[in-house]
Amino acid sequence: MTIKELIKLLIKYLRPHKKIVWLCIFLAVFSSVVSSVIPLVYGQLVDEAIKPSHNLTLISSILLAWLIFVLIANWITRFISFQGDKLGLRVYQYFFSDV
């Protein structure tokens, strides 16, 4: 089987689940953006913490922002993984019901 035939077969089985596939793609991109912001926020936190006259309110705010970004990124990753597992099981069932 060629790559082109395999892609056509995959599209055939994924077509009924188009909405969840696009949702997972969108969330994966969004999660990547959020994950790329986390080191920036953490860097700001470290920069503020090592200043001689550090502001505890600002440090707390940056720490809270960092925590929120980490939780959002982790939740999205778990959601995508869960939906991917469900989708994989459905496609597997469709595939073997056709064979």
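Shown above is the structure to which this text applies.
Below: a short report on this structure.

What counts, and at which threshold
- Residues numbered from 1 in each chain as written.
- Predicted model: local features only at pLDDT ≥ 70, side-chain atom pairs only at ≥ 80, totals over all residues.
- Heavy atoms only, no water.
- Helix = DSSP H or I, 4+ residues; strand = E, 2+ residues; numbered from the N terminus.
- Buried < 20%, exposed > 50% of the residue type's maximum accessible area, 1.4 Å probe, protein only.
- Contact = heavy atoms within 4.5 Å.
- Phe/Tyr/Trp six-rings, centres within 6.5 Å; stacked < 30°, edge-to-face > 60°.
- Salt bridge = Lys/Arg side-chain N within 4 Å of Asp/Glu carboxyl O.

Another aspect to go through is the side chain of E48. Mapping E48 onto the fold places it in helix α2 (residues 18-49). E48 sits in the buried class, given a relative accessible area of 9%. In contact with E48, other than residues within four places in its own chain, are H54, N55, L58, I59 and I62.

Its location among the elements puts S60 in helix α3 (residues 56-98). Accessibility expressed as a relative area gives 47% for S60, which makes it partly exposed. Along the backbone, S60 and L45 are 15 residues apart, and their C-alpha atoms lie at a distance of 8.8 Å.

This part takes up the packing of aromatic side chains. Scanning all chains against the criterion turns up 3 aromatic pairs. With a centroid separation of 6.4 Å and an interplanar angle of 10 degrees, the aromatic rings of F26 and F30 are classed as stacked. Pair noted here: F26 and F30 are both in helix α2, with a separation of 4 residues, about one helical turn.

A complete count under the given rule lists 1 salt bridge for this structure. Notably, a salt bridge pairs K51 with E48, separated by 3.3 Å at the nearest N-O pair. The exposure class of K51 is partly exposed, given its relative accessible area of 42%.

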